[in-house]
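Structural description and commentary
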Amino acid sequence: MAFICKLCQKTYSLRKQVLAHERTKHRNNKIIPHLHLLLQPSFEQLTTYQDAFIILIKKRLGFNRHSVGSKRLLINVFPENIFVHLFQSEPSFRYNSALRKYSCTFKGVEGESRLKQILNYEHWSYRQDPKTKTTGYVLLVNYEESYEVSFIWMQAELIENNRSFQCGTVTCAFITDSGEFTENKENEQLFKNHIATPEITNNNQLIYRHILPRSPLQQLILNQQNNK
Ligand SMILES: [Zn+2]
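Residues numbered from 1 in each chain as written. Predicted model: local features only at pLDDT ≥ 70, side-chain atom pairs only at ≥ 80, totals over all residues.

**Here's the deal with the overall build of the protein chain**
Counting its regular elements, the protein chain contains six helices and eleven strands. Within the protein chain, the fraction of its 228 residues that count as buried is 18%. Taking as baseline every contact in the protein chain between residues at least 6 positions apart, the subset at least 24 positions apart corresponds to 65%. (Helix = DSSP H or I, 4+ residues; strand = E, 2+ residues; numbered from the N terminus. Buried ≥ 20, exposed ≤ 12 C-beta atoms within 10 Å, placed from the backbone. Contact = placed C-beta atoms within 7 Å.)

**Considering the pairing of strand β8 (residues 148-160)**
Each regular strand displays side chains that alternate between the two surfaces of the sheet. Looking at chain direction, strand β5 (residues 101-107) and β8 are connected through seven bridges and run antiparallel. In the sheet register, Lys 101 faces β8, and the bridge partner there is Met 154. By the bridge criterion, eleven bridges tie β8 to strand β9 (residues 163-180) in an arrangement that is antiparallel. Its bridge partner lying in β9, Ser 150 is registered against Ala 173. Linkage of β8 to β9, two consecutive antiparallel strands, is achieved through a turn of two residues, within which Asn 161 is found at a positive phi near 50 degrees. (Pairing = 2+ DSSP bridges.)

**Some details on helix α4 (residues 108-119)**
Along its twelve residues, α4 runs 16 Å from first to last C-alpha, staying within 8% of the 16 Å computed at 1.5 Å per residue. All of the buried residues in α4 are Gly 111, Glu 112, Leu 115 and Leu 119. The buried residues of α4 all sit within an arc of 100 degrees when viewed along its axis, so they share a single face. Turned more than 90 degrees off the buried face of α4, the exposed positions are Val 109, Glu 110 and Gln 117. Buried residues in α4 make contact with α2 (43-59), β5 and β8. In the stretch just after α4, Asn 120 is the one whose phi turns positive, near 60 degrees. (Expected span 1.5 Å × (residues − 1). Arc of directions from axis to C-beta.)

**A closer look at the nonpolar core**
Residues Phe 53, Ile 57, Phe 106, Leu 115, Leu 119, Tyr 121, Trp 124, Val 138, Leu 139, Leu 140, Val 149 and Phe 174 constitute the largest nonpolar core, which totals twelve residues. Counting residues in hydrophobic clusters, the runner-up holds ten residues, among them Phe 83, Tyr 95, Cys 104 and Val 170. (Core = buried A, V, L, I, M, F, W, Y, C linked by C-beta atoms within 7 Å.)

**Describing the confidence of the model for the protein chain**
The predicted model of the protein chain has a mean per-residue pLDDT of 83, with 79% of residues at 70 or higher. Note on residues 185-217: pLDDT is under 50 here. Beyond four places in sequence and across chains, it has 29 contacts. (pLDDT = per-residue confidence, 0-100.)

Right under this line is the structure:
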């Protein structure tokens, strides 16, 4: 059995040879040979996975010493086309064809603001507790250095009853920290956005405000679509 490098068509007799070849010859590869097979995701699909990232990142944020340090989140079934669509145009995007693995990293202040655009949410990187006035956040920069948030997609194969099921798994790794904050007008507004606030509807039912207020950017797209 021959192993072919999908990036340059060189042939090897062992899998480990093609892996080594790709590692050395195509280290910074961004080309996805099967890109044409990946469907353009719908707006709803994208929103679902953007929101999943935001919610799962925020779940790792807390307000005590246990919530400080390296964190990792895993999404077990994550469509490849969504990952490619979200991260493909980033400078740090890489594809390893032999391993069927994509990666993308974001660093420092620049990375934080880029992720605001990619996740389409201004406040993706922190949570605040108004009672204790503490904030838990994804650490991207402090007085010492810059830190990274990494996203990795890999194909996993599950076998059950002689049937194989291939699915993509995403891992997101980052560092968290927490600290006190001072209250001001801006923070008050943040709380309003962040915390699910009970609201009374016409039917006197208690409902909860959406945890993810749609940002102006997304609203803009929606309005544009409605105007068509
Ligand atoms: Zn090659």
